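Single-letter residue listing:
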Amino acid sequence: MPAARDLDRLYGLPREEFTDARNALVRELRNAGRKDDAEEVRALKKPAVSVWAVNQLARRHPREVADLVKAGDALRKAQRDVLAGKKGADVREASRALHELADELVGAAREILEETGDRATQATAQRISGTLRAASSDPAAAKLLRKGHLSEDVESVGFGPLLHVAPQRKSRSQPKRDRARERAALQKKRKQEAVAQARQEAAAARKAADKAEREAKRARERAEAAERRVASLER
């Protein structure tokens, strides 16, 4: 496994320097006889703008990122307590605290991108927000988040651990307003499922667009090289 300091150096670089630095590290590891580590590093993708911004948050705002991860832990605990029937568990308050911290960090990420000249579009801000919330709710992703070693956007599997507590069935004599709450909760859940699916489709489209852009760039480079050869021969 590559040394943590090597990964930290890679993900701490300006985004445009990532590929060259990664390739140089691959050569360095191969020369040192660490072929397996070299292959792991070679497989690392250049982070998307949203992912790069989140990684910089871990370096510039480590305390706030740590607070976000703690808030994610608190939310999971509150959800488990509710399912266990424990009194005093306040899922709504824990969720509100998590969202407020995530929103503050999204604002900080916007500032970081503006410093580098990248425009923080609404889509980018949404991916940053989604990654922060999903990573804080997943222990494995949370470790990478705190280190600033994320290689791609993090998406919630479903809605994260126990993000919604299923309403218990009640008798036919339950008040109408309780049934109305259940219908509203069901509608909200369906809407969130649609949003989650749309995010997944958007992420897939983004990956396809990035791949097409890279291929187009390589094609332009080959065309320019051919044109230079033609010009050289004509001279």
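Keep in mind it's a predicted model, so treat the numbers as computed, not measured.

Q: Looking at this model, I keep getting lost on the overall build of the chain. Mind explaining?
A: For the chain, the count of helices and strands is 9 helices and 0 strands. Helices and strands in the chain line up, N terminus first, as α-α-α-α-α-α-α-α-α. The 235 residues of the chain split such that 30% are buried. In the chain, 68% of the contacts between residues at least 6 apart in sequence involve partners at least 24 apart.

Q: How do you make sense of helix α7 (residues 122-136) when you look at a structure like this?
A: Note that an α-helix has 3.6 residues per turn; residues three or four places apart therefore point the same way. For α7, spanning 15 residues, the distance from its first C-alpha to its last is 21 Å, which sits close to the expected 21 Å at 1.5 Å a residue. Along α7, the positions that sit buried rather than exposed are Thr-124, Ala-125, Ile-128, Ser-129, Gly-130, Thr-131, Leu-132, Ala-134, Ala-135 and Ser-136.

Q: What should I look at first to understand the nonpolar core in this one?
A: Nonpolar side chains in soluble globular proteins tend to end up buried together. In this structure, Leu-57, Leu-68, Ile-128, Leu-132 and Leu-145 are the most contacted members of the largest nonpolar core, which totals 32 residues. Elements that contribute at least two residues to this core include exactly α4 (49-60), α5 (62-83), α6 (91-116), α7 and α8 (139-147). Sorting elements by how many residues they give to this core places α6 first, with 10 residues. Setting aside residues no more than four positions away along its own chain, Leu-68 makes contact with Leu-98, Leu-101, Ala-102, Leu-105, Leu-132, Ser-136 and Leu-145. Among the nonpolar cores identified, the runner-up in size contains 12 residues, and Ala-21, Leu-25, Leu-29 and Val-41 belong to it.

Q: What is the right way to look at the pattern of salt bridges in this model?
A: Any two side chains of opposite charge can pair if their charged atoms end up close together. Counting across every chain of the model gives 11 salt bridges. With its nearest N and O atoms 3.1 Å apart, the salt bridge here joins Arg-30 to Glu-39. Here Arg-30 falls in the partly exposed class, since its relative accessible area comes to 42%. Taking the relative accessible area as the measure of exposure, Glu-39 reaches 36% and is therefore partly exposed. Close ionic contact of Arg-42 with Glu-39 constitutes a salt bridge, the shortest N to O distance being 3.0 Å. Taken together, the residues span about one helical turn, with Arg-42 and Glu-39 both in helix α3 (residues 35-42) at a distance of 3 residues. On the basis of relative accessible area, Arg-42 is assigned to the partly exposed category, the value being 47%. By sharing partners, the salt bridges in this structure join Arg-30, Glu-39 and Arg-42 into a single network.

Q: Can you help me understand the packing of helix α1 (residues 4-12) against helix α2 (residues 18-31) in this one?
A: Taken N-terminus to C-terminus, the directions of α1 and α2 make an angle of 160°; their axes are 9 Å apart at the nearest point. If you check the angle between α1 and α2, you find them roughly antiparallel. Where α1 approaches α2, its residues Asp-6, Arg-9, Leu-10 and Tyr-11 are matched on the opposing element by Phe-18, Ala-21, Arg-22 and Leu-25.

Q: I keep staring at a negative patch on the surface and nothing clicks. Help me out?
A: Negative charge collects at one region of the surface, where Glu-16, Glu-17, Asp-20 and Asp-118 lie side by side. Mapping Asp-118 onto the fold places it in the loop between α6 and α7. Here Asp-118 falls in the partly exposed class, since its relative accessible area comes to 33%.

Q: Please clarify how the side chain of Thr-124 should be interpreted in this entry.
A: Tracing the backbone shows Thr-124 in helix α7. Look at Thr-124 and you get buried, because its relative accessible area is 7%. Excluding residues within four positions of it along the chain, Thr-124 makes contact with Val-49, Ser-50 and Leu-113.

Q: Whenever I open this one, the environment of Val-154 confuses me. Can you help?
A: Looking at where Val-154 falls in the secondary structure, it is placed in the loop between α8 and α9 (176-234). In this structure Val-154 comes out as buried when scored by relative accessible area, which is 17%. Here the alpha-carbon distance between Val-154 and Val-51, two residues 103 residues apart in the chain, equals 8.8 Å. Residue contacts for Val-154: discarding those within four places in its chain leaves Gly-130, Thr-131, Ala-134, Ala-135 and Ala-141.

The rules behind these values
- Residues numbered from 1 in each chain as written.
- Predicted model: local features only at pLDDT ≥ 70, side-chain atom pairs only at ≥ 80, totals over all residues.
- Heavy atoms only, no water.
- Helix = DSSP H or I, 4+ residues; strand = E, 2+ residues; numbered from the N terminus.
- Buried < 20%, exposed > 50% of the residue type's maximum accessible area, 1.4 Å probe, protein only.
- Contact = heavy atoms within 4.5 Å.
- Expected span 1.5 Å × (residues − 1).
- Core = buried A, V, L, I, M, F, W, Y, C linked by side-chain atoms within 4.5 Å.
- Salt bridge = Lys/Arg side-chain N within 4 Å of Asp/Glu carboxyl O.
- Axes fitted to C-alpha atoms, helices over the stretch in contact; angles between N-to-C directions.
- Parallel < 35°, antiparallel > 145°, perpendicular 65-115°, else oblique.
- Patch = residues over 30% accessible without salt bridge, like charges linked within 9 Å, V, L, I, M, F, W, Y side chains within 5 Å.
- Areas by Shrake-Rupley, 256 points an atom, 1.4 Å probe, with all protein chains shown as cover.
- Lys, Arg positive; Asp, Glu negative; His and termini not counted.
- Charge placed at Lys NZ, Arg CZ, Asp CG, Glu CD.

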